Amino acid sequence: MTEQDSSTRTLAVDIGGSGIKVMVLDAEGEPQTERSRLETPQPPKPEPILEAIASLASAQGEFDRVSVGFPGVVCRGITKTAVNLDPSWIDFDLATTLKDRLGKPVRVANDADIQGLGSIAGTGVELVVTLGTGFGSSLFVDGILVPNLELGHHPFRKGETYEQQLGRSALDAVGAKRWNRRLEKALVSLQNLFNCDRLYIGGGNTKKIVFDLPPQVKIVPNVSGLLGGIALWRDLNNH
C-alpha cells in the first residue's frame, strides 16, 4: 500500500490513562467508522492493553495500516516512558509487537504529537498541550515537530511540575476552581517561554475550563488525537 493509494485505510489508536479509543480513517484522514472505546485495563500493562486494541480493531472492519498515539516518549516505535501507565512499558517495542498482533504496518508516536498533527495550522510556532490523566505537550515550527518535548514533567510552580499541578489527580484533589486558576497561570508561563503564534488545548479535561482564553489559544476536539493518525504517515513519508 502506498500513501497515494486513495483506498488506504488507517486504524487510528489512542492509548490513554483512562481509555483506549480507535477509529478507521480514509486516505484523506476522514473518519470511516464510529469511534469506539474501552476502559484502559488496570493495571495498565502491555499485554492487556494490546488485547484491548486487538478487540477494538476486530470490530472496525478492514484497514491497511495502524497509527498509535501513546502517552509517553516514543523513539522508533519503542516506548521510553509511561508515567501514567505501567513501568513495564519502558523500552517496550510497541510498533513491532502490535504489527505482529494485527498483521499490518504500525507507526507509533507520542499522543500529544498526534493530537498536534491533527490540530495545527502548519505555520509559525505552535504549541499543543493535552489535559487528561497527565499533561501532554507537543511543539511545531512551521508544521515540523520538535521531538520528545515533555513539558508535563518540567517544574511549574510551588516545587511541582505541570502534570502534578494540572493532571487529573490534581483536578480531583483541588477542585475545578483552583485548577482553572492554575491553568490560567500555566498559559501565561508557556506563552512567555515559547512566544508561540498559536496554543492549542486538547484532552478530556478541556470541558472543565471556565475562563475566557486569550485570542491565540484554542480548544481542539478530543477526536484530534485520532484524526492526527493519518498525518503520522504523511509526516514521516516526507522525511
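Criteria and thresholds
Residues numbered from 1 in each chain as written. Predicted model: local features only at pLDDT ≥ 70, side-chain atom pairs only at ≥ 80, totals over all residues. Heavy atoms only, no water. Helix = DSSP H or I, 4+ residues; strand = E, 2+ residues; numbered from the N terminus. Rg over C-alpha atoms; globule rule 2.2 N^0.38 Å. Buried < 20%, exposed > 50% of the residue type's maximum accessible area, 1.4 Å probe, protein only. Pairing = 2+ DSSP bridges. Axes fitted to C-alpha atoms, helices over the stretch in contact; angles between N-to-C directions. Arc of directions from axis to C-beta. Contact = heavy atoms within 4.5 Å. Salt bridge = Lys/Arg side-chain N within 4 Å of Asp/Glu carboxyl O.

Draft legend 1. Fine view of the overall build of the protein chain. Regarding its fold elements, the protein chain presents 6 helices and 15 strands. Computed over its C-alpha atoms, the radius of gyration of the protein chain comes to 17 Å, within 12% of the 18 Å expected for a compact globule of 239 residues. Projected onto its principal axes, the C-alpha positions of the protein chain cover 50 × 40 × 30 Å. Each of the 239 residues in the protein chain was classed as buried or not, and the buried ones make up 53%.

Draft legend 2. Up close: the sheet that holds strand β6 (residues 78-79). Sheet architecture is open: 3 strands sit in the order β5-β6-β7, paired in antiparallel fashion. Either end of the sheet is taken by a strand with one partner, and the two such strands are β5 (74-75) and β7 (92-93). Pairing analysis gives 2 bridges linking β5 to β6, with the strands arranged antiparallel. Directly across from Cys75, in β6, lies its bridge partner Ile78.

Draft legend 3. Region of the structure containing the sheet that holds strand β3 (residues 36-39). Taken in spatial order, the 5 strands of this open sheet run β3-β2-β1-β4-β8, and their pairing is mixed. Whereas interior strands pair on both sides, the edge strands pair on one side only; in this sheet they are β3 and β8 (106-110). Neighbour to neighbour, the strand axes of the sheet diverge by 15 degrees on average, direction disregarded. Of the pairings in the sheet, the one linking strand β4 (residues 65-70) to β8 comprises 5 bridges and is parallel in character. Each residue of the ladder has a partner; that of Phe70, found in β8, is Asn110.

Draft legend 4. Molecular detail of the environment of Arg76. When you line up the elements, Arg76 lands in the loop between β5 and β6. You can call Arg76 exposed: its relative accessible area is 81%. Sequence spacing of Arg76 and Arg107 is 31 residues, and the spatial spacing of their C-alpha atoms is 8.4 Å.

Draft legend 5. Geometry of helix α2 (residues 94-102). Taken as a whole, α2 has its buried residues at Leu94, Ala95, Leu98 and Leu102. The buried residues of α2 occupy one face: seen down the axis, they fall within an arc of 95 degrees. Where α2 is buried, its residues meet β1 (10-15), α1 (46-58), β4, β6, β7 and β8. Positive phi appears at Gly103, one or two residues downstream of α2, with a value of about 70 degrees.

Draft legend 6. Main features of the pairing of strand β10 (residues 135-141). With respect to burial, β10 is a largely interior element, 6 of its 7 residues being buried. As defined by bridge partners, strand β9 (residues 125-131) adjoins β10 across 7 bridges and the pair is classed as antiparallel. Counted as the bridge partner of Leu131 is Phe135 from β10. In sequence, β9 turns back onto β10 through a hairpin of 3 residues. Sheet analysis places β10 next to strand β11 (residues 144-146), joined by 3 bridges and oriented antiparallel. Residue pairing across strands places Val141 opposite Ile144, the latter belonging to β11.

Draft legend 7. Geometry of the pattern of salt bridges. Considering all chains together, one arrives at 7 salt bridges under this definition. Here Lys21 makes a salt bridge to Asp14, at a shortest N to O gap of 3.8 Å. Just as Lys21 is buried, Asp14 falls in that class too. Across the pair Lys45 and Asp86 runs a salt bridge, and its minimum N-O distance is 3.6 Å. With Lys45 in the loop between β3 and α1 and Asp86 in the loop between β6 and β7, this pair connects stretches of sequence that are 41 residues apart. Classification of Lys45 as partly exposed rests on a relative accessible area of 38%. Put simply, Glu47, Glu51 and Arg101 are held in one network by salt bridges that share partners.

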